[in-house]
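Structural characterization, general
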Amino acid sequence: MKTYDIVIIGGGPAGLSAAVSAKKSGTDSILILERDKELGGILNQCIHNGFGLHTFKEELTGPEYAGRFIEQVQELQIEYKLHTMVMDISSDKVVTAMNSTDGLFEIRAGAVILAMGCRERSRGALNIPGYRPAGIFSAGTAQRLVNMEGYLPGRKVVILGSGDIGLIMARRMTLEGAQVQVVAELMPYSGGLKRNIVQCLDDYGIPLKLSHTVVEIRGKERVEGITLAQVDEKGRPVAGTEEEYECDTLLLSVGLIPENELSGGMGVELSRVTSGPVVNESLETNIEGVFACGNVLHVHDLVDFVSEEAAAAGRNAARYVQEAGSRKAQGTDKEAAGRTVEICAVDGVRYTVPSRINTERMEDIQTVRFRVGGVYKNCFVSVYLDEERILHRKRPVMAPGEMEEVKLKREELLRHPDLKAITVKVEEV
Amino acid sequence: MGKRELICIGCPMGCPVTVEMEGDEIVSVSGNTCPRGDAYARKEVTNPTRIVTSTVKVEGGLVEMISVKTKEDIPKDKIFDCVRALKGVTVKAPVHIGDVILADVAGTGVDVVATRNA
Ligand SMILES: Cc1cc2nc3c(=O)[nH]c(=O)nc-3n(C[C@H](O)[C@H](O)[C@H](O)COP(=O)(O)OP(=O)(O)OC[C@H]3O[C@@H](n4cnc5c(N)ncnc54)[C@H](O)[C@@H]3O)c2cc1C
Ligand code: SF4
C-alpha cells in the first residue's frame, strides 16, 4: 500500500491552500485527490468578480483566484490525482479511492485533511406542493450550465431564495437574455451579501420580495408558472396574498450543506448546527490526525476566509505528522495532553469554529469564526473567560449572511489556569 | 429637485443614502454613516461603472467555454452592449489568463480578457 504523510480529500480552494501551507511547513509527502477533471473546485464555475479582496488586495474572478493557488501547487510540485473519487476513509486513515487508470486503490495517510466542500440543498428538502415538471434547477446547477457548458436553462425565470448564488445567477441570466421576474425570500432578510443585492438585482430592476415563498408550481411536463405568497412570522403562507407568475424556469438558492458522508463514515463527530465536523483549535476532528477546512467544515461566503482557514489546517497537519515522527522515535505514541476548554456559543451566536481550544497548542492569536442567528443592529460581540468579560466589541450590523470572527490571545488564556469555559455571545448593551 | 435613493455597498452596514440633485448637480448627500458612503453615492449618480464578466466559446480545449472579464470597469449603461459584442465570439485554445479576447469592447476603450486557461 502506498503511503503519504498528508492526503487531502478535495482539490477546491480549501484543499489547494491546505496543500501549499503544509508543504511550506516542511512536509513533502502530500497527495491531493480530486474527483473532477481539474483543480479549483466550485470556483471554476463562479466567473464573476469579487474574489480575493482580502488575500490578494485585488478583485479576481473565481477561476483566476483558483488559478493563483493551482500555480503554487504546481510550482511546489505537490502531487495530485484528478478524476479520482474517494470512496471511503477508515478511522485509522486508510483512504480508498477509485479512478479509471488505477482502478480501486488504497493509500495509508499519516494525516488526512477533509476539504470536500459543500453541496446545495435540493428541492426535496423544501416541500413545495405540485408536480415535478422540468425547469426546476438549483442555482448552482444553472451556474454550471450557463458558465461551463454555455447553455441557458430557460427564458422566463423566478428565483426562490436570496443566497449569493441565486443573486449572482439573477444577473447572469439577465445578461444572457433571460427575463428574471422576481427573487423571493422566505426570511425577512436576505441571506446574500449586500453588494450582490445592489449589483445583481437593483442594477437590473429585479424585485426582491422578502417574507415570500413559492406555494404552487404549475405545469406537468415543463414549469408553466408559479404562485408566490407572503408568509407570517412563523413562515406560514398568508391567505389572500397570492400572486401568480408565468415562467419556464424556477431556480432554487436555498442554502448549502457541507458534504460529510465520508467524514460521518469514518466516525468523525459532526455538529448539528453546521453539519460539519466538530473541531479543536488545530481544526482537528475528534479523530487524531484528521483535519477539516473550507465548506466541508462550515459554509463560507468569502473564499478568502476559506484559504486562510485551510492554510491553518495545512500547517497543523504538517506539525502533527512531524510530531508523530518524533513521538515514534521517543517510543511514546499518544499526543501530548494539554488542557482543552469548550467554547460556548449562546445568545444569538449559533456556533463557533473551532468549538474547543487546547490552550497549550493554540496559536498566539487564534481566530474563532461564527455566525449569528438573526439581524442585530448596534449590538456587541462579547467574549467571556468564565465570568470575566475580555472582549466587548461594538458591531453596527450583524446578519446571518455574513460570517463574523473574534481573535483570542494565547497569553490571555494562559493567564486563566483554571479556565472552565469560553463564552461567545451577542449583547444588546 | 430630483432625488436618488441608493444603498451604499462600502461595508455590511448597507446605509440607505439619499442624493439630492439639481439637474446634473449634486446638492446634498445624506444617510451615509461615513465618508466612503458619500464618495460612493457621488460616483454612483454621476458615473456608475461595473466590471462585466461573461463567457465565450473555446475550440480545441479541455472545456467548452472560457470565462472572461472587462479588464477595468466600464460605464454601467454599456453592460448590455459589452455582453452583446461577446455573443458569437469564439477563440482557439491555447488561451491563458490575461489574454485579450476582444479589444476596446463596445467603444469603451477597455479590453475583455480571459480569466481562465484552456
Ligand atoms: C454552486 C456554488 C456557488 C458558489 N458561488 C460562490 C460565489 O459566487 N462566491 C463565493 O465567495 N463563494 C461561492 N460559493 C462558496 C464557495 O464554495 C467557497 O467560497 C469555496 O469554493 C469553498 O471551497 P472548498 O474548497 O471548501 O469547496 P469546493 O470549492 O466545493 O471544493 C471541494 C472539492 O472537493 C471535491 N470532492 C468532494 N468530494 C470528493 C470525493 N469524495 N473525492 C474526491 N474529491 C471530492 C469536489 O469535486 C471539489 O472540487 C459557492 C458555492 C457553491 C456550492
Ligand atoms: S456609508 Fe460608510 S458605514 Fe454606511 S455602508 Fe457605506 S461605507 Fe459602510
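Here we look at the site of ligand 1
All names here are of chain A.
- Residues in close proximity to ligand 1 total 32 residues, the closest being Ala-14, Glu-34, His-48, Asn-295 and Asp-301.
- Separating an oxygen atom of ligand 1 from a backbone N or O atom of Asp-301 is a distance of 2.8 Å.
- Protein chains bury 94% of the 980 Å² of accessible surface belonging to ligand 1 in isolation.
- Elements represented by at least two residues in the shell around ligand 1 include exactly helix 1 (13-24), strand 6 (85-89), helix 3 (139-149) and helix 7 (303-330).
- Taken together, the residues of the shell around ligand 1 break down into 16 nonpolar, 13 polar and three charged.

Topic: the packing of aromatic side chains
Residue and element names in this part refer to chain A.
- Within the structure shown, the criterion is met by five aromatic pairs over all chains.
- With 5.5 Å between their ring centres and 70° between their planes, Phe-56 and Tyr-65 make a pair best called edge-to-face.
- On the accessibility criterion, Phe-56 (23% relative accessible area) is partly exposed.
- Through a chain of ring-to-ring contacts, the aromatic side chains of Phe-56, Tyr-65 and Phe-69 assemble into a single cluster.

Side note on the environment of Asp-202 of chain A
- Within the fold, Asp-202 of chain A resides in the loop between helix 5 (194-201) and strand 13 (208-209).
- Separated by 100 residues in sequence, Asp-202 of chain A and Leu-302 of chain A place their C-alpha atoms 22 Å apart.
- Once residues lying within four places of it in the same chain are set aside, the contact partners of Asp-202 of chain A are Ile-197 of chain A together with Ile-7 of chain B.

Concerning the confidence of the model for chain B
All names here are of chain B.
- Residues with a pLDDT of 70 or more make up 97% of chain B, whose mean pLDDT is 91.
- Considering each helix and strand of chain B separately, the mean pLDDT is smallest for strand 1 (residues 2-7), with a value of 87, and largest for strand 10 (residues 112-114), with 97.
- On the interface metric, ipTM, the complex scores 0.86, and its pTM is 0.90.

So, helix 3 of chain A
- Counting buried positions along helix 3 of chain A yields eight of eleven residues, so the element is predominantly enclosed.
- Inspection of helix 3 of chain A places Ala-139, Gly-140, Ala-142, Gln-143, Leu-145, Val-146, Asn-147 and Met-148 of chain A among the buried residues, and these make up the whole buried set.
- Buried residues belonging to helix 3 of chain A abut strand 9 (118-120), strand 10 (136-138), helix 4 (164-175) and strand 17 (249-252) of chain A together with strand 5 (53-59) and strand 6 (65-70) of chain B.
- Once helix 3 of chain A ends, the next one or two residues include Gly-150 of chain A, with phi positive near 70°.

Re the side chain of Ser-307 of chain A
All names here are of chain A.
- On the secondary structure map, Ser-307 appears in helix 7.
- On the basis of relative accessible area, Ser-307 is assigned to the buried category, the value being 4%.
- The contact partners of Ser-307, leaving out residues within four places of it in the chain, are Ser-17, Tyr-65 and Phe-69.

Considering the packing of helix 3 of chain A against helix 4 of chain A
All names here are of chain A.
- Taken N-terminus to C-terminus, the directions of helix 3 and helix 4 make an angle of 35°; their axes are 9 Å apart at the nearest point. Handedness of the helix 3/helix 4 crossing: left-handed. When helix 3 is examined against helix 4, the residues Ala-139, Gly-140, Ala-142, Gln-143, Val-146 and Asn-147 are found in contact with a partner set consisting of Ile-165, Gly-166, Ile-168, Met-169 and Arg-172.
- Residues that form the contact of helix 3 with helix 4 fall into these classes: six nonpolar, four polar and one charged.

Criteria and thresholds
Residues numbered from 1 in each chain as written. Chains lettered and ligands numbered in written order. Predicted model: local features only at pLDDT ≥ 70, side-chain atom pairs only at ≥ 80, totals over all residues. Heavy atoms only, no water. Near = heavy atom within 4 Å. Polar contact = N/O pair within 3.5 Å; in protein donor to acceptor, adjacent residues only side chain to side chain. Areas by Shrake-Rupley, 256 points an atom, 1.4 Å probe, with all protein chains shown as cover. Helix = DSSP H or I, 4+ residues; strand = E, 2+ residues; numbered from the N terminus. Nonpolar A, V, L, I, M, F, W, Y, C, P; charged D, E, K, R; others polar. Phe/Tyr/Trp six-rings, centres within 6.5 Å; stacked < 30°, edge-to-face > 60°. Buried < 20%, exposed > 50% of the residue type's maximum accessible area, 1.4 Å probe, protein only. Contact = heavy atoms within 4.5 Å. pLDDT = per-residue confidence, 0-100. Axes fitted to C-alpha atoms, helices over the stretch in contact; angles between N-to-C directions. Left-handed = near helix turned anticlockwise from the far one by under 90°.

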